[in-house]
2 protein chains.
Amino acid sequence: MSTTTFAAVSAVKQRSDTEFSVDLSPAWTIGGRPNGGYLLAAVARAATVVSGHPDVLAASAHYLRSPEPGPAEIEVEVLRTGRTATQLRGRLLKDGVPQVEALLTLGVLGAAEPFWQDGVPRPEFGAFADEPWGDAELTPGIAIRDEIDVRFDRPIADGPSGRGELRALLALPGDEPFDPVSLLFAVDALPPATFDIAPSGWVPTLELTAYVRARPAPGPVRVLHRAHLIGDGRVDESCHVWDSAGTLVAQGTQLAGIRIG
Amino acid sequence: MSTTTFAAVSAVKQRSDTEFSVDLSPAWTIGGRPNGGYLLAAVARAATVVSGHPDVLAASAHYLRSPEPGPAEIEVEVLRTGRTATQLRGRLLKDGVPQVEALLTLGVLGAAEPFWQDGVPRPEFGAFADEPWGDAELTPGIAIRDEIDVRFDRPIADGPSGRGELRALLALPGDEPFDPVSLLFAVDALPPATFDIAPSGWVPTLELTAYVRARPAPGPVRVLHRAHLIGDGRVDESCHVWDSAGTLVAQGTQLAGIRIG
């Protein structure tokens, strides 16, 4: 059971015009290391403080190292403030050593219906979604499983479908409503979509890009997480996130390292 | 007819350990401004010089301003050199004013076949691909059309199909072979995929992320460029690039501004 809230574990404390501190939670880790989307969200919290615009629209992160939990520093630098957007550089450091480098564009999210969208199918969930996300034995060392509520649309214990696709309902602890910043976590919250193809060890994110498309309605989000090409020791994955009102609120893409096959 | 080569217009001159210069070609522009993928490629050329690894694997750019052609500066900073990858920050400036901010991960591209891939269909081309890319009247101010060779799979003059999808054969001037750096241009070379939905004005790229997945074989590449969601004044597009041997060599995603509808 969760002992944390996302707001608390991603909270930043301002130290100067450009410097913040964050306390990375040992509970929001996989194999003892904080989730990559969580780290990017913490950087985005700091960016939001210094930005002239409130909502993160686009965030791109390259992961240099994988920090241990505990105190860390965040530095933000406004690169440009325009009429419709603020663009920033953000970095997360541990004991002065850079861990995550990010670029962020912040603006204002509107409330209009999309003008056009393609047909990426929003996942539908049957009765199985009432089950928790499977045996702890299948996912050892995943502390974060005790924090977030993840309900897959089929029994993960049944093994890979071969489609490279995971579909799940995702809720933050205590059903905390998602916001644009926590959506940066949502696009990286599920296990690697490659688990639906073949087992592998750790799949460390090299690069993660997220686009936030709308302010999410309260309630759990639906996540479609897909692998696209596995080769040369790397995999790219895409992620689509819909809010409880059925609006596509975030899209993510990542390149990760993988040893498989 | 082309008067340039991509190697020439993206060439960088080293000024110091971290500083380079580039001469942005007026021929590689749309509405007088250099193409965004071209700018990112120039930054990547500089990154390649200082990197301990030869091949760009992932590049993410946020576009702050749209520079005029002519002399520009590039600064690169190695963030981390690891065993398998070098990660860098790169920026392009005009008269000292930042225009493009980028993060890059360089490594070594292998030659193995993919272990797994999903079914994104590689475009097939019929006889129409022998035609050049339509009347200049349809695409005024697009100087770059005289440099690159773009052959769509259907007559663009027929108007939008409504699918938000452009498919084309793309060649560099003089059939210069693509390399990992020029693939960063390839993922941003086509007109906005939104042109296949409805006409609009300029669609300025806010963020562009590219993954290079294999070293391309010589010859033209096949490009599939798709729009996904248009709303709130922004559109996201994805791009897949296959080389002449049929290998998926690059994937791109971008968020752009748009006024439409």
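Residues numbered from 1 in each chain as written. Chains lettered and ligands numbered in written order. Predicted model: local features only at pLDDT ≥ 70, side-chain atom pairs only at ≥ 80, totals over all residues. Heavy atoms only, no water.

Naming follows an unreviewed UniProt entry, where chain A appears as Thioesterase family protein of Amycolatopsis rubida.

(A) How the structure looks around the interface of chain A and chain B. Contacts between chain A and chain B engage 53 residues on the former and 53 residues on the latter. The junction of chain A with chain B conceals about 4600 Å² of combined surface from both sides, 56% of it contributed by carbon and sulfur atoms. Applying the counting criterion to the chain A and chain B interface returns four salt bridges. A salt bridge links Arg213 of chain A to Asp236 of chain B; the shortest N-O distance between them is 2.7 Å. The tally of links from chain A across to chain B stands at 40 residue pairs in polar contact (both at pLDDT 80 or more). (Contact = heavy atoms within 4.5 Å. Buried area = accessible area lost by both parts, 1.4 Å probe. Salt bridge = Lys/Arg side-chain N within 4 Å of Asp/Glu carboxyl O. Polar contact = N/O pair within 3.5 Å; in protein donor to acceptor, adjacent residues only side chain to side chain.)

(B) Highlighting helix α2 (residues 36–50) of chain A. Residue and element names in this part refer to chain A. When the terminal C-alpha atoms of α2 are compared, their 22 Å separation across 15 residues agrees well with the 21 Å that a helix rising 1.5 Å per residue should span. With respect to burial, α2 is a largely interior element, twelve of its 15 residues being buried. Every buried residue of α2 is accounted for by Gly36, Gly37, Tyr38, Leu39, Leu40, Ala41, Ala42, Val43, Ala44, Arg45, Ala46 and Ala47. For α2, the side-chain oxygen to backbone nitrogen distance between the N-cap and Gly37 is 2.8 Å, and the N-cap itself is Asn35. (Helix = DSSP H or I, 4+ residues; strand = E, 2+ residues; numbered from the N terminus. Expected span 1.5 Å × (residues − 1). Buried < 20%, exposed > 50% of the residue type's maximum accessible area, 1.4 Å probe, protein only.)

(C) View of the packing of aromatic side chains. Going through the model one piece at a time under the given rule, you end up with ten aromatic pairs over all chains. Three or more aromatic residues joined by ring pairs make a cluster, and in this case those are Phe6, Trp28, Tyr38 and Phe185 of chain A. (Phe/Tyr/Trp six-rings, centres within 6.5 Å; stacked < 30°, edge-to-face > 60°.)

(D) A look at the relation of the copies chain A and chain B. When chain A is brought onto chain B, the operation consists of a screw motion whose angular component is 180 degrees and whose axial shift is 0.0 Å, with 0.0 Å RMSD remaining. Accordingly, the operation relating the two chain copies is best matched by a two-fold axis. Closest to the rotation axis within chain A is the C-alpha of Ser60 of chain A, separated from it by 3.2 Å. In this assembly, 100% of the residues forming the interface of chain A have copies in chain B that are likewise at the interface, indicating an isologous arrangement. (Least-squares fit on C-alpha atoms with pLDDT ≥ 70 in both.)

(E) Structural context of the pairing of strand β6 (residues 70–81) of chain A. Residues and elements named next belong to chain A. Both strand β2 (residues 19–24) and β6 contribute to a ladder of six bridges, which runs antiparallel. Paired with Phe20 across the two strands is Ile74, which belongs to β6. The sheet contact formed by β6 and strand β7 (residues 86–94) spans eight bridges and is antiparallel. If you follow Glu75 over to β7, its bridge partner there is Arg91. What sits between β6 and β7 in their antiparallel hairpin is a turn of four residues. (Pairing = 2+ DSSP bridges.)

(F) Just the UniProt feature "domain: Acyl-CoA thioesterase-like N-terminal HotDog" (unreviewed entry) in chain A, in detail. Feature annotation in UniProt assigns "domain: Acyl-CoA thioesterase-like N-terminal HotDog" (unreviewed entry) to the following positions: residues 25–106 of chain A. Its end C-alpha atoms 26 Å apart, residues 25–106 of chain A is made of 18% helix and 54% strand. (UniProt positions renumbered as here; feature names shortened; annotations may be inferred.)

(G) Broad picture of the environment of Ala112 of chain B. Structurally, the position occupied by Ala112 of chain B is in the loop between β8 (97–107) and β9 (116–117). Each C-alpha atom of the pair Ala112 of chain B and Pro155 of chain B lies 37 Å from the other, and the pair is 43 residues apart in sequence.

(H) Quick look at the UniProt feature "domain: Acyl-CoA thioesterase-like C-terminal" (unreviewed entry) in chain A. Summarizing the sequence annotation, UniProt attributes the feature "domain: Acyl-CoA thioesterase-like C-terminal" (unreviewed entry) to residues 142–256 of chain A in the numbering used throughout. The span residues 142–256 of chain A carries 6% helix and 42% strand; its end-to-end C-alpha distance comes to 18 Å.

(I) Representation of the pattern of salt bridges. This model, assessed by the stated rule, comprises 26 salt bridges over all chains. When the shortest N-O distance is used, the salt bridge between Asp179 of chain A and Arg45 of chain A registers 3.1 Å. With a gap of 134 residues between them, Asp179 of chain A in the loop between β11 (165–171) and α3 (180–186) and Arg45 of chain A in helix α2 connect regions that are remote in the sequence. In this structure Arg45 of chain A comes out as buried when scored by relative accessible area, which is 17%. A salt bridge links Arg167 of chain B to Asp153 of chain B; its shortest N-O distance comes to 2.6 Å. Placement of Arg167 of chain B in strand β11 (residues 165–171) and of Asp153 of chain B in the loop between β10 (149–152) and β11 is noted, with a sequence separation of 14 residues between them. Note on Arg167 of chain B: relative accessible area 17%, which makes it buried.

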